[in-house]
Amino acid sequence: MLNTPKPAAADAPAVQAQASCYHCGLPLPRSAGERWSARIDGVEHAMCCPGCAAVAQAIADAGQAAYYQDRTGYAATAAQAQLVPPELALYDNADPRFAARDGGTADAEATLLVEGIRCAACVWLIERRLMQLPGVQRASMNVATERLQVRWHKDQCRPADILGALHAIGYRAWPYDAARHGKQLQQASRTLGRQLFVAGLSMMQVMMYVAPAYLADDGTLDAAMAALMQWASLLLTLPAVCYSALPFFRGAWNSLRARAPGMDVPVALGIAAAFGASCIATWRGHGEVYYDSVTMFIFLLLCSRYLETAARRKASAALERMQHGLPASASYLPGWPLSRDASTVPASALRPGHAILVKPGETFAADCDIAEGQTSVDLSLLTGESVPLRAAMGASVPGGAINAGSAVVARVTKPASDSTLSGLLKLIERAGAEKPQIAQWADRAASRFVAGLLLFALSAFAWWSWHDAARAWPVAIAVLVVSCPCALSLATPSALAAATDRLLGKGILIVRPHVLETLHRATHIVFDKTGTLTQGKPTVQRVDLLGRTAASAALQVAAALEANSAHPIGRAILAAAAETAIMARWQAADVQELPGQGLEGTVQGTRYRLGSPAFVAGIAGPASLAPPQDTRLGQPAGGAAAALDGTPVYLGSSGGWIARFLLSDALRPDAQATVDYFRAQGKQLVLLSGDSEAITQHVARSLGIDAASGEFLPQQKLAFVQDSQREGAVVAMIGDGINDAAVLGAADVSFAMGSGAALAQAHADTVLMNGQLGAVADTARAAARTMAVIRQNLAWATLYNLTAIPAAALGYLNPWLSGAGMALSSAVVVLNALRLRKG
């Protein structure tokens, strides 16, 4: 595994004195806080940047330190045409983040962090270039998170080939690292801010010099003074063109070099044409100048890009919080419980059985069980639940939870790489690996739009050159500037990113990108019963008293008999006893369990039996079981039936029959509201369960589900979904257990409860981390709003381009007004999408 290079600290080993980078030979930074180093053959060598430090450390860790002794010159820098093969080849063997998909298969995949993403048009260029590499099976760029998902055949392609191909078209990429991503975002934000400031300052100053020319349109402005103002405007425009507009020129050059013209091409051509024509007119002393239009266009376009960048950051805010959720280190207690001396170790070094100390405010570095103490844990990052939950000794705490109470000692149950949060992040990586069909259509349309626009601008220039040569140049510039394929590309991903971030903050993890699009047009909603509509565990629904003993006393006796039982029925009786606030718990003696029949034991000197009626009759004798009265417990909410058909458990003694406990799997509190929502939307509701037909029908009647079938095996559920799909149905499936995995994978869109089986979550399109069934209805509402916003964005972008481009070609729009229109078009799309984060 690669060691992470760190800045040289004051207490670190002395760095060998040198004036240049040991790796590439460039001068070292002057600031002491920016010095980096790598340890090679036991000696710390100074590096000029973290990139050189990472590569040098990787070379040393891979056992190739002799490279520095045998080399004949310094390594190539990033400014050269491409990185030298030894640097990129390191990732072929040394970096575990380029891993096989299934442990030994011929396919590998990785998540890469890509620098240099300027707008949504970059996505098409990156994906198109990588798909041209031999062996690359899939390349999917997520513009909102700047992450690239790549899958390739290891025998035909190497990671070095992928990184080199990206570098060749102007993008730098690394295996994804949250810390590096954070620094990249900060640096990009500062650079864009400086460029925006320079462009705004140039625009304001140029406006001051061109204002007299607009005001004195009657010829009163002296020719010499007008020429002086034009030369001053040229000098003030240079910083905006040479510095602020640099990203557009670079992007255009890279896309042209890759023979895939993108959004930056018409922008760069428009800026260059307007500035070039202005320079020629200034030099000749006559003709139109467009310095004010150039500076205004650059400033407005940078404003639009700044807004787009901010929107991408906001759209992935919840995802960023999750990626930074697991700490890099933990306080390890190697001698616990004999010693409480703690040492700081990397979180990745934790193994099952290790004891760690978690202080208030710290994050649990891995899935743990509380071994000492009690506290409250904040699970908002994982489930969206803002209220801290109590965690007593023995309680399980997922990795990523925050200790909101007192310090505790926890015993690790899973490595950090297998923790709950890590598993969710792996599912999130799957979420960025594909695109919904509507987004793919928008990307294709935007890529073809640019090529068509260039031809149209050339045609407009030729037509005006023939009819009115003086207007040909400004018309061509206006056509290039007014177009906005960026708005077309942003229409879908900006809305989807905002909606998924909002849902993630509520504990709903969208794993597949088609979820919102498909759920919106779903015709059938298929529910599993156990663990989905119901809570998935038996609860005491009713206590029927068969004698004169009070319900609380009957529960206390039953709880005493079940005190050490691990059976679900025993846990349900214990939970019911706890809910009745019985303070003095009785102890049972001489407890015997007869499998399939029940328990027998002595409580307070009396012999009792708890179990089946035949078993209890052996001590209580035959009697009528009609209850004279009942006490109801655990009533389902939302108007559902108070008691479901379930399992009766009897209690009796030598004195007679005492009570009957009716246990069943209670409905979830939000089950009725969820079913009512989908019924109101006109969806066909179906209940499929492996439980008995009687219980399944009872649940269906309680919730108002017309179509229900019990005793359904997994293959029968799968066949039902497939048959419905062949008949034209769009099926949404909500399940929970292992036996739901196949049908979840076959459904058009599927949901798995966060408390359900891991296999079900792996096959589902959405994971409800908050464990609430009502989250499915929340997702459906979000889907409706999202699709409405996407349609609005696409309609606006299409209408704008169909109106603005012909208007510019006909000469109705001058260059500066065209630039304002383009910036406004992108801003409208982004701001409209951001409304979804507040819904």
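Starting afresh in each chain, residues are numbered from 1 along the sequence in its written order. Given that this is a predicted model, residues contribute local features only at a pLDDT of at least 70 and side-chain atom pairs are listed and counted only at 80 or more, while totals for whole chains, interfaces and linings are drawn from all residues. With hydrogens and water set aside, each side-chain value is computed from the structure's full complement of heavy atoms.

A. Quick look at the overall build of the protein. For the purposes of this entry, the term helix denotes a DSSP run of H or I that reaches at least four residues, the term strand denotes a run of E that reaches at least two, and both are numbered from the N terminus. When you go through the protein residue by residue, the secondary structure sums to 28 helices and 31 strands. Counted over contacts in the protein with a minimum sequence separation of 6, partners at least 24 positions apart contribute 69%. What makes two residues a contact is simply this: any of their non-hydrogen atoms within 4.5 Å.

B. Looking closely at the sheet that holds strand S9 (residues 329-332). Each pair of strands is called paired provided DSSP finds at least two bridges between the two strands. What the 6 strands build is an open sheet, ordered S10-S9-S11-S17-S12-S15; its pairing is antiparallel. Only two strands of the sheet have a single partner each, and these edge strands are strand S10 (343-346) and strand S15 (396-397). Relative to S10, S9 is paired through 4 bridges, and the arrangement is antiparallel. Looking across to S10, one finds that Tyr332 is bridged to Ser343.

C. Layout of the packing of helix H7 (residues 223-244) against helix H9 (residues 264-284). For every element, the axis is a line fit to its C-alpha atoms; helices are fit only across the contacting stretch, and the angle between N-to-C directions ranges from 0 to 180 degrees. Axis separation between H7 and H9 bottoms out at 10 Å; the angle between their running directions is 155 degrees. Here H9 runs roughly antiparallel to H7, going by the angle between their axes. H9 is crossed by H7, and the crossing has left-handed handedness. Contacts between H7 and H9 pair Gln230, Trp231, Leu234, Thr237, Leu238 and Val241 from the former with Phe275, Cys279, Thr282 and Trp283 from the latter. Only Asp, Glu, Lys and Arg are considered charged, only Ala, Val, Leu, Ile, Met, Phe, Trp, Tyr, Cys and Pro nonpolar, and every remaining residue, Gly among them, polar. Considered class by class, the residues forming the contact of H7 with H9 number 7 nonpolar, 3 polar and no charged. Relative orientations are named as follows: roughly parallel for angles under 35 degrees, roughly antiparallel for angles over 145 degrees, roughly perpendicular for angles from 65 to 115 degrees, and oblique for any other angle. If you view the pair so one helix is near and one far, a crossing is left-handed when the near helix is turned anticlockwise from the far one by less than a right angle, and right-handed when it is turned clockwise.

D. Up close: the pairing of strand S12 (residues 368-372). Where S12 and S15 come together, 2 bridges link them in antiparallel fashion. Residue pairing for S15: Cys368 is matched across the bridge by Val397. Across 4 bridges, the pairing between S12 and strand S17 (residues 408-412) is antiparallel. Paired with Asp369 across the bridge in S17 is Arg411.

E. Expanded view of the sheet that holds strand S27 (residues 684-688). The 7 strands lie next to each other as S18-S31-S30-S29-S19-S27-S28, forming an open sheet whose pairing is mixed. With one partner strand each, in any of the chains shown, strand S18 (508-510) and strand S28 (707-709) form the two edges of the open sheet. For this sheet, the mean inter-axis angle between neighbouring strands, taken without regard to orientation, is 15 degrees. The pairing of strand S19 (residues 524-528) with S27 spans 5 bridges and is classified as parallel. Within S27, the residue paired with Ile525 across the bridge is Leu685.

F. Main features of the pattern of salt bridges. One side-chain nitrogen of Lys or Arg within 4 Å of one carboxyl oxygen of Asp or Glu is enough to make a salt bridge. On inspection of all chains with the given rule, the structure shows 11 salt bridges. Of the charged contacts in the structure, one is a salt bridge between Glu600 and Arg609, with a shortest N-O distance of 3.1 Å. Each residue's exposure class comes from its accessible area (1.4 Å probe, protein chains only) as a fraction of the maximum for that residue type: buried when under 20%, exposed when over 50%, partly exposed otherwise. We classify Arg609 as buried; its relative accessible area is 19%. A cluster of three or more residues bridged by salt bridges with shared partners is formed by Asp590, Glu600, Arg607 and Arg609.

G. Region of interest: the pairing of strand S29 (residues 731-735). Counting buried residues in S29 gives 5 out of 5 residues, a clear majority hidden from the surface. The side-chain alternation of S29 yields two buried faces, one formed by Val731, Met733 and Gly735 and the other by Ala732 and Ile734. In terms of strand pairing, S19 meets S29 through 4 bridges, oriented parallel. Bridging from a neighbouring strand, His524 pairs with Val731 of S29.

H. Focus on helix H21 (residues 613-620). Among the residues of H21, Phe615, Val616, Ile619 and Ala620 are the ones counted as buried. Within H21, the buried residues cover an arc of 120 degrees as seen down the axis, which keeps them to one side. H21 presents Ala614 and Gly618 as exposed residues on the side facing more than 90 degrees away from its buried surface. Of the surrounding secondary structure, the elements contacted by the buried residues of H21 are strand S21 (588-594), strand S22 (598-603), strand S23 (606-611), strand S25 (647-653) and strand S26 (656-667). Backbone geometry just after H21 places Gly621 at a positive phi near 85 degrees. Working definition: the arc comes from the directions between the helix axis and the C-beta atoms, pointing outward to the latter.

I. The packing of helix H15 (residues 469-482) against helix H27 (residues 774-809), seen in detail. Where H15 meets H27, the closest approach of the two axes is 8 Å, and the angle between their N-to-C directions is 170 degrees. On the basis of their axis angle, the class for H15 and H27 is roughly antiparallel. As for the relative orientation of H15 and H27, their crossing is right-handed in sense. The residues of H27 that touch H15, namely those facing Val475, Ala478, Val479 and Val482, are Tyr800, Ala804, Ile805, Ala808 and Ala809. In terms of residue class, the contact of H15 with H27 is made up of 9 nonpolar, no polar and no charged.

J. Looking closely at the packing of aromatic side chains. Stacked, tilted and edge-to-face are the three classes assigned to paired rings of Phe, Tyr and Trp, where Trp is represented by its six-membered ring and a pair needs centres within 6.5 Å; plane angles under 30 degrees give stacked, over 60 edge-to-face, the rest tilted. Per the counting criterion, the structure on display carries 7 aromatic pairs. Relative to Trp464, the ring of Trp463 has its centre 5.3 Å away and its plane inclined at 80 degrees; by these criteria the two rings are edge-to-face. Look at Trp464 and you get buried, because its relative accessible area is 10%. Against the face of Tyr677 rests Arg781, its NZ or CZ located 4.4 Å from the ring centre. Two thresholds decide whether a charge sits over a ring: the Lys NZ or Arg CZ must be within 6 Å of the ring centre and within 35 degrees of the ring normal.

K. Structural view of the nonpolar core. In terms of nonpolar packing, the biggest core is built from 46 residues, with Phe527, Leu533 and Ile705 touching the most fellow members. Nonpolar cores were defined as sets of buried Ala, Val, Leu, Ile, Met, Phe, Trp, Tyr and Cys residues, with membership established by side-chain atoms within 4.5 Å. Counting residues in hydrophobic clusters, the runner-up holds 44 residues, among them Met263, Val289, Val482 and Met822.

L. How the structure looks around the confidence of the model for the protein. Every residue carries a pLDDT, the predictor's confidence in it, which falls somewhere between 0 and 100. Here the protein averages 76 in pLDDT, and 73% of its residues register 70 or above. For the protein, helix H3 (residues 85-93) is the element with the lowest average pLDDT, namely 44, and helix H22 (residues 671-680) is the one with the highest, namely 93. Note that residues 76-104 has pLDDT below 50 and, in this model, 59 contacts with residues that lie over four places away or in other chains. This stretch, residues 626-644, has a pLDDT under 50; its non-local contacts, to residues over four places away or in other chains, come to 50 contacts.

M. Local environment of the environment of Leu546. With respect to the secondary-structure elements, Leu546 resides in the loop between strand S20 (534-545) and helix H19 (551-561). For the pair formed by Leu546 and Trp657, sequence separation is 111 residues and the distance between their alpha carbons is 5.8 Å.

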